[in-house]
Amino acid sequence: MLEADLDNICELGCNAIRIAEFGWHIMEKAEGQYDFSLFDHVIERAKARGLAVVMGTPTAAIPAWLAKKYPAVLSEFENGAKRSFGGRHVYCFNSREMYTYTERIVRAMAEHYKDEKAIAAWQIDNEIGHEDSDMCYCSQCRDAFRFYLRRRFGGDIHALNETYGTTFWAQEYNDFDEIPLPAPTITTHNPALRLDWERFRSRSIERFVSFQAQLLREIIPGVVLIHDFPGGLGKHADYSRVAGELDVAAYNNYPVWGGQREPLAPNEIAFGLDYIRGLKRKNFWITEAIMGAQGHDVTGFSPRPNQAKLWAYQSMARGCQSLFFFRYRGGTKGAEQFCYGVLDADNVKRRKFYEVQSFFRDIRQYASQLKSPIDSKVAIVYLRNPAPPGWRWSAGAAAGRPCAW
């Protein structure tokens, strides 16, 4: 259906498509056996119609063979149970094997597509830290956390004890190897320990994005890097620091999600859009705007006629300069089959298709204005803690060497 799909996409008024972010197994069905032919074909047919491409690195969803070969790549819940393969974002950000295989697939992709002019931007991973994937309590995270604290306090355990106030409850440590993870215990852990744990979780995500960014910039000079940040502020990561590794901050804007009877209030939606604009203090992209009911296991509120179109206009009014709808067509099976698209699973053009077409036709008239920065009169300031020295991960460091901060 590719030819008809791309024709429909052009009929909508689109000038770009976004692909590959969950395509790791398609590209590498068996370890080291790379096959990019499917995406080569899609890009070639898109180019024939003048469509640009946003290419995603596929690390958000690891292949089953990787989880089978290296079970330690899977992250752990607070109770020590391994997260099962089958979801997404199930990898540990401090797994040596994850870094090794991330470098291999990203390097192979970048080398293969480094001269492809149709690729307008590269998206790193997908919704980093979303769905509690920013937290892991495995032994790799424990060791990395202790190393992080050792660096933070210059190897002086007495300085840590003094800073944390560990005397109360006899929490003093004689060595950094005695420091626990803040997993469930009676009452609660030391508040300063918990704060440093939050900082460490944020650094874990920052360095993984930095690692991929360095690889792509090393291989593709002048590459434009984006990331599709998820909604919600209850994350254990400082997204402003993650955005520092990017050229463009992008956002997946979901005013409604599975199970919600009503969408978010307009001011809540506006707050999320303004937050994303503030990550790099410049205009941003929307990589996923909805045009139908959404959900994983259950659907909720279905946008009323022209309501999703209104949300798209709201995004542009608050600093978005490039907007993609997700998804093009609803699926008949598989994960996210309850995420409805511009077309429903029966592939018939109905109201939603023509709403999107109308939006693209109208908003194109303001292309030059959308590039202008928003002149904000009021700001909300998010305070960030400076990173300790040596936190960056250098490209190539994954090859056989331990995770080091």
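Per chain, the residues get numbers from 1 upward, laid out in the order the sequence is written. Two thresholds apply to this predicted model, a pLDDT of at least 70 for residue-level local features and 80 or more for giving and counting side-chain atom pairs, whereas whole-chain, interface and lining totals are computed over all residues. For the side-chain quantities, the full set of heavy atoms in the structure was used; hydrogens and water were omitted.

A.B. asks: Please clarify how the overall build of the protein should be interpreted in this entry.
C.D. replies: Within the protein, the secondary structure is distributed over 13 helices and 9 strands. We take the radius of gyration over the C-alpha atoms and set the globule estimate at 2.2 Å times the residue count to the 0.38 power. The C-alpha atoms of the protein give a radius of gyration of 22 Å, which matches the 22 Å a tight globule of 405 residues would have. Structurally, the protein occupies a C-alpha span of about 70 × 50 × 40 Å along its principal axes. Relative accessibility under 20% of the residue-type maximum defines a buried residue, over 50% an exposed one, and the middle range a partly exposed one, all with a 1.4 Å probe and only protein chains included. Looking at the protein as a whole, 52% of its 405 residues qualify as buried. When contacts within the protein are restricted to residue pairs at least 6 apart in sequence, those whose partners lie at least 24 apart make up 74%. When the accessible surface of the protein is split by element, carbon and sulfur atoms take 53% of a total near 18800 Å². Helix numbers and strand numbers start at the N terminus; a helix is a DSSP run of H or I with at least 4 residues, a strand a run of E with at least 2. Residue contacts are defined here by distance: any two heavy atoms, one from each residue, within 4.5 Å place the two residues in contact. In these tables, accessible area is a Shrake-Rupley quantity obtained with a 1.4 Å probe, and a residue counts as shielded only by the protein chains included in the view.

A.B. asks: Could you clarify how one ought to interpret the sheet that holds strand β4 (residues 52–56) in this entry?
C.D. replies: Sheet strands pair by backbone hydrogen bonding; their relative direction is either parallel or antiparallel. DSSP calls a pair of strands paired once it identifies at least 2 bridges connecting them. Spatially, β1-β4-β5-β6-β7-β8-β9 is the arrangement adopted by the 7 strands of the open sheet, whose pairing is parallel. On the outer flanks of this sheet lie β1 (16–19) and β9 (320–325), each paired with one strand and no other. Here the strands of the sheet are splayed against their neighbours by 25° on average, with no regard to which way each runs. Examined bridge by bridge, strand β6 (residues 225–229) and strand β7 (residues 248–253) share 4 bridges and lie parallel to one another. Pairing of Ile-226 across the sheet is with Val-248, part of β7. Orientation is described by axes fitted as lines to C-alpha atoms, over the contacting stretch for helices, and by angles from 0 to 180 degrees between their N-to-C directions.

A.B. asks: I keep staring at the packing of helix α1 (residues 2–12) against helix α3 (residues 37–47) and nothing clicks. Help me out?
C.D. replies: The description of two helices packed together rests on the angle between their axes and the distance between the axes. Running from N to C, α1 and α3 point in directions that differ by 45°, and their axes come no closer than 10 Å. When the axis of α1 is compared with that of α3, the two are oblique. For the element pair α1 and α3, the recorded crossing hand is right-handed. Here Leu-2, Glu-3 and Leu-6 of α1 lie close against α3, whose contacting residues are His-41, Val-42, Arg-45 and Ala-46. Polar here means any residue other than Ala, Val, Leu, Ile, Met, Phe, Trp, Tyr, Cys and Pro, which are nonpolar, and Asp, Glu, Lys and Arg, which are charged; Gly is therefore polar. In the contact of α1 with α3, the residues fall into 4 nonpolar, 1 polar and 2 charged. By the definition adopted for this analysis, an angle is roughly parallel if under 35 degrees, roughly antiparallel if over 145, roughly perpendicular if from 65 to 115, and oblique otherwise. The sense of a crossing depends on the near helix, which, turned anticlockwise from the far helix by less than a right angle, makes the crossing left-handed and, turned clockwise, makes it right-handed.

A.B. asks: Is there a simple way to think about the packing of aromatic side chains in this case?
C.D. replies: Aromatic rings considered in pairs are described by the distance between their centres and by the relative angle of their planes. Aromatic pairing here means that ring centres of Phe, Tyr or Trp (its six-membered ring) are within 6.5 Å. Orientation follows from the plane angle: under 30 degrees is stacked, over 60 is edge-to-face, and everything else is tilted. In total, this model carries 22 aromatic pairs according to the counting rule given. These aromatic residues form a ring-pair network of at least three members: Tyr-91, Phe-93, Tyr-99, Phe-208 and Phe-211. Counted as over-ring charges are cases with an Arg CZ or a Lys NZ within 6 Å of the ring centre that also lie within 35 degrees of the ring normal. The residue whose ring lies beneath Arg-83 is Phe-77, and the NZ or CZ to ring-centre distance is 4.6 Å.

A.B. asks: Just to check I follow, could you spell out helix α8 (residues 191–219) for this structure?
C.D. replies: In an α-helix, one full turn covers 3.6 residues, which means residues spaced three or four apart are oriented alike. For α8, which comprises 29 residues, the first-to-last C-alpha distance of 43 Å matches the rise-based estimate of 42 Å (1.5 Å per residue) to within 8%. N or O atoms closer than or at 3.5 Å make up a polar contact, with two conditions inside protein: a donor-capable atom paired with an acceptor-capable one, and, for residues adjacent in sequence, both atoms drawn from side chains. Where α8 begins, the side chain of Asn-190 points an oxygen toward the backbone nitrogen of Ala-192, at a separation of 2.8 Å. To estimate how far a helix should reach, multiply one less than its number of residues by 1.5 Å.

A.B. asks: When you look at a nonpolar patch on the surface in this model, what are you seeing that I'm missing?
C.D. replies: On the surface, a nonpolar cluster with roughly 290 Å² of combined accessible area is contributed by Leu-233, Phe-271 and Ile-380. Along the chain, Phe-271 turns up in helix α10 (residues 266–279). Candidates for patches are residues over 30% relative accessible area with no salt bridge; among them, like charges are joined within 9 Å and nonpolar side chains (Val, Leu, Ile, Met, Phe, Trp, Tyr) within 5 Å. A carboxyl oxygen of Asp or Glu within 4 Å of a side-chain nitrogen of Lys or Arg is what we treat as a salt bridge.

A.B. asks: Can you help me understand empty space enclosed by the protein in this one?
C.D. replies: The method works on a 1 Å grid over the protein atoms by themselves. A cavity is a set of points holding a 1.4 Å probe that cannot get out, a pocket is an open set with protein on both sides within 12 Å along at least five of seven lines, and residues with an atom within 4 Å of a point line them. Grid points are joined across faces, edges and corners, and a volume is the space filled by probe spheres set on the points. Throughout the structure, instances matching the rule amount to 1 cavity of 30 Å³ or more. Taken as a whole, the largest cavity spans an internal volume of roughly 40 Å³. Taken together, Asn-253, Pro-255, Ala-289, Ile-290, Ala-308, Trp-311, Ala-312 and Ser-315 make up the lining of the largest cavity. Looking at the lining of the largest cavity element by element, the count peaks at 4 residues for helix α11 (residues 307–317). Class assignment of the residues belonging to the lining of the largest cavity gives a composition of 6 nonpolar, 2 polar and no charged.

A.B. asks: Would you explain unusual backbone geometry in this entry?
C.D. replies: Excluding glycine, residues mostly have negative phi values, and the peptide bonds linking residues are mostly trans. Going from Phe-326 to Arg-327, the amide bond is cis rather than trans, its omega being 5°. Mapped onto the elements, Arg-327 comes out in the loop between β9 and α12 (351–363). For Glu-127, which is not a glycine, the phi torsion comes out positive at approximately 40°. One can find Glu-127 in the loop between β5 (119–123) and α6 (139–152).

A.B. asks: Could you clarify how one ought to interpret the environment of Lys-69 in this entry?
C.D. replies: Along the polypeptide, Lys-69 turns up in helix α4 (residues 64–69). By relative accessible area, which is 43% here, Lys-69 ends up partly exposed. Expressed as a C-alpha distance, the spacing of Lys-69 and Gly-334, which sit 265 residues apart in the sequence, is 24 Å. Excluding anything up to four places from it in sequence, Lys-69 contacts Glu-31 and Tyr-101. A polar contact of 3.4 Å, which involves the side chain of Lys-69, links it to the side chain of Tyr-101.

Any functional reading would require information that these geometric values do not contain.
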